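Structural features, examined
In case you want the letters, here they are:
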Amino acid sequence: MEKNASSSSLGPGGLDLTSAFFKPIQNSDPPIPSNRCTKISVIGVGNVGMAIAQTILTQDLADEIALVDAKPDKLRGEMLDLQHAAAFLPRTKITASVDYEVTAGSDLCIVTAGARQNPGESRLNLLQRNVSLFRHIIPPLAKSSPDSILLIVSNPVDVLTYVAWKLSGFPVNRVLGSGTNLDSSRFRFLIADHLDVNAQDVQAFIVGEHGDSSVALWSSISVGGIPVLSFLEKQQIAYEKQTLEDIHQTVVGSAYEVIGLKGYTSWAIGYSVANLARTILRNQRKIHPVTVLARGFYGVEGGDVFLSLPALLGRNGVVAVTNVHMTDEETEKLQKSAKTILEMQSQLGL
């Protein structure tokens, strides 16, 4: 579909703003036009995988959902449980198999499978076990659906998105991770709760690692279009930096709190990933903080590192990275976060 003349320009001079707001992804594939049914595959039918599948079903995002897991009995049980709800759901074909051939022709492959950390196990050993698991998951997925988009949810999501990119051979725009999309939602909720407004009116991003070295972009937060920190300064309203840091640390610890209370997280990540699926498959071109190849953005150098940045998403996956404002301190923290992830990646031998 052709853009109309005003869709990316302002004024009679035709000033193009697209290139100012976004930095395009290099070496990406063009989108593949298709009128066929939409198919999503979910790899791993644990609590997270099933929350994602259930949310995708109820939001009518796919014509077909394929489930894959290494445990055949649990897999069949989950498939039947969803199929038995057919009378209450949009018409969707639901299939399941331990064989990756069931994923053939997928538009989007969502990977949630991952090894659980054993008591006393180091983070590096857990990561290496997950890399071994991915060696059995990603290549058959890429073979069965060579034109699909890979969305990695398994943790540590930043490093495993890098692993998936390496193992799949896909262009960088078609491999992304759920990253800090949920962290940013938690962040927006906490700010909205403080101000007693709807979270949808809060624009706020957490970027960097999905973990302890994540970065809260306070300088770019706005509520109802009003930049929060600059507004407070103009109104000479004092605020403590420690208060801001406490909110960020609450975001970082949110998942641990939920896990401590109910044993796992599921519903919030289910909605978060379904939200990403909607943006991608319906070509909504919305901006989400997700795990992307960050080299060359915001001064991140030193290697092929994947971490979360505000990215424009569409039917082709990652379209561009947003040129969001960051202070020097925020940029420095982001670059430090990138080094943390690169150190983990360097021990994988890929």
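Residues numbered from 1 in each chain as written. Predicted model: local features only at pLDDT ≥ 70, side-chain atom pairs only at ≥ 80, totals over all residues. Heavy atoms only, no water.

1. Points about the packing of helix 6 (residues 181-195) against helix 8 (residues 241-262)
Under the convention used in this document: As a rule, the C-alpha atoms of each element are fitted with a line to give its axis, helices using only the stretch in contact, and angles between N-to-C directions run from 0 to 180 degrees. For helices the rule is a DSSP run of H or I covering at least 4 residues; for strands it is a run of E covering at least 2, with both sets numbered from the N terminus onward. By the definition adopted for this analysis, an angle is roughly parallel if under 35 degrees, roughly antiparallel if over 145, roughly perpendicular if from 65 to 115, and oblique otherwise. Put simply, a crossing is left-handed when the front helix is turned counterclockwise from the back one by less than a right angle, and right-handed when it is turned clockwise. Contacts were defined at the residue level, with two residues in contact if any of their heavy atoms lie within 4.5 Å.
For the pair helix 6 and helix 8, interaxial distance at closest approach is 9 Å and the crossing angle is 130°. Classified by the interaxial angle, the pair formed by helix 6 and helix 8 is oblique. Regarding helix 6 and helix 8, the two cross each other, and that crossing is right-handed. Across from Asp183, Arg186, Phe187, Leu190 and His194 in helix 6, the residues of helix 8 making contact are Ile247, Thr250, Val251, Ser254 and Ala255.

2. Here we look at the state of the cysteines
Note the following rule: The disulfide definition used here is simple: a pair of cysteine sulfur atoms within 2.5 Å. Burial classes follow relative accessibility: with a 1.4 Å probe on protein chains only, a residue under 20% of its type's maximum area counts as buried, one over 50% as exposed, and anything between as partly exposed.
Tallied over the entire structure, the rule returns 0 disulfides. Cysteine 37 forms no disulfide, and the closest cysteine sulfur to it belongs to cysteine 109, at a distance of 16 Å. Judged by its relative accessible area of 0%, cysteine 109 falls in the buried class.

3. Description of helix 5 (residues 157-168)
To keep things clear, this is the line we draw: One less than the residue count of a helix, multiplied by 1.5 Å, gives the span that helix is expected to have.
When the terminal C-alpha atoms of helix 5 are compared, their 16 Å separation across 12 residues agrees well with the 16 Å that a helix rising 1.5 Å per residue should span. Listed as buried for helix 5 are Val157, Asp158, Val159, Leu160, Thr161, Tyr162, Val163, Ala164, Trp165 and Ser168.

4. Considering the sheet that holds strand 14 (residues 226-227)
Going by this rule: When DSSP finds two or more bridges between two strands, those strands count as paired.
Here we have 3 strands laid out as an open sheet, ordered 10-13-14, and antiparallel in their pairing. Two strands bound the open sheet, and with one partner strand each, they are strand 10 (202-203) and strand 14.

5. With respect to unusual backbone geometry
Cis rather than trans, the peptide bond between asparagine 155 and proline 156 has omega equal to 0°. You can see proline 156 is positioned in the loop between strand 8 (149-152) and helix 5. Of note, aspartate 60 is a non-glycine position whose phi angle comes to about 55°, a positive value. For tyrosine 298, which is not glycine, the phi torsion reads 55° and is therefore positive. Assignment of secondary structure puts tyrosine 298 in the loop between strand 15 (286-293) and strand 16 (306-314).

6. Considerations on the UniProt feature "binding site: NAD(+)" (unreviewed entry) in the chain
Let me state the cut-off plainly: UniProt positions are given in the numbering used here, feature names are shortened, and annotations may be inferred rather than shown by experiment. We define a polar contact as two N or O atoms separated by no more than 3.5 Å, with the added condition that, inside protein, one atom must be a possible hydrogen donor and the other a possible acceptor, whereas residues neighbouring each other in sequence contribute only through side-chain atom pairs.
Here, UniProt's "binding site: NAD(+)" (unreviewed entry) annotation points to Gly44, Val45, Gly46, Asn47, Val48, Gly49, Asp69, Asn130, Val153, Ser154 and Asn155. Mapped onto the secondary structure, valine 48 falls in helix 2 (residues 47-58). The residues contacting valine 48, other than those within four sequence positions of it, are Thr112, Val153, Thr265 and Ile269. Examined against the element boundaries, asparagine 130 turns out to sit in helix 4 (residues 123-144). On the basis of relative accessibility, which here comes to 0%, the residue asparagine 130 falls in the buried class. Every residue in contact with asparagine 130, bar those within four places of it in the chain, is listed here: Gly114, Ala115, Asn155 and Leu160. Here alanine 115 takes part through its backbone nitrogen, which lies 2.6 Å from a polar atom of the side chain of asparagine 130.

7. A word on the nonpolar core
Taken as a class, soluble globular proteins show a tendency for nonpolar side chains to be buried jointly. So the rule is basically this: The set of buried Ala, Val, Leu, Ile, Met, Phe, Trp, Tyr and Cys residues whose side-chain atoms join them within 4.5 Å is what this entry labels a nonpolar core.
By size, the foremost hydrophobic cluster in this structure holds 85 residues, and its most contacted members are Ile56, Leu67, Ile110 and Leu309. Non-local contacts of leucine 309, meaning those with residues more than four positions away in its chain, are made with Val207, His288, Pro289, Val290, Val292, Ala294, Phe297, Tyr298, Val321 and Leu334. Grouped together as the second largest cluster of nonpolar side chains are 16 residues, Ala204, Ile206, Ile221 and Val251 included.

8. A short note on the pattern of salt bridges
Filter applied, for reference: What makes a salt bridge here is a side-chain nitrogen of Lys or Arg within 4 Å of a carboxyl oxygen of Asp or Glu, nothing more.
Per the counting criterion, the structure on display carries 5 salt bridges. Note that glutamate 64 and lysine 39 form a salt bridge whose closest N and O atoms lie 3.7 Å from each other. Of this pair, glutamate 64 sits in strand 5 (residues 64-68) while lysine 39 sits in strand 4 (residues 39-43); the two residues are 25 residues apart in sequence, bridging distant segments of the chain. Assigned by exposure class, glutamate 64 and lysine 39 land together as buried. A salt bridge links glutamate 329 to lysine 333, with the nearest nitrogen and oxygen atoms 3.5 Å apart.

9. Focus: the packing of helix 5 against helix 10 (residues 328-345)
It is the contact of helix 5 with helix 10, at a shortest axis distance of 10 Å, that shows an interaxial angle of 55°. What the angle tells us is that helix 5 and helix 10 run oblique. Of the two elements, helix 5 crosses helix 10, and the hand of that crossing is right-handed. For the pair formed by helix 5 and helix 10, the contact residues are Asp158, Val159 and Tyr162 on the first element and Ile341, Met344 and Gln345 on the second.

10. Digging into the pairing of strand 17 (residues 317-322)
If a strand is regular, its side chains alternate between the two faces of the sheet. Of all 6 residues in strand 17, 5 are buried; the element is thus mostly enclosed. Note that strand 3 (residues 22-24) and strand 17 share 3 bridges and pair antiparallel. From the neighbouring strand, proline 24 faces strand 17, where its bridge partner is alanine 320. Across 4 bridges, strand 16 lies against strand 17 in antiparallel orientation.

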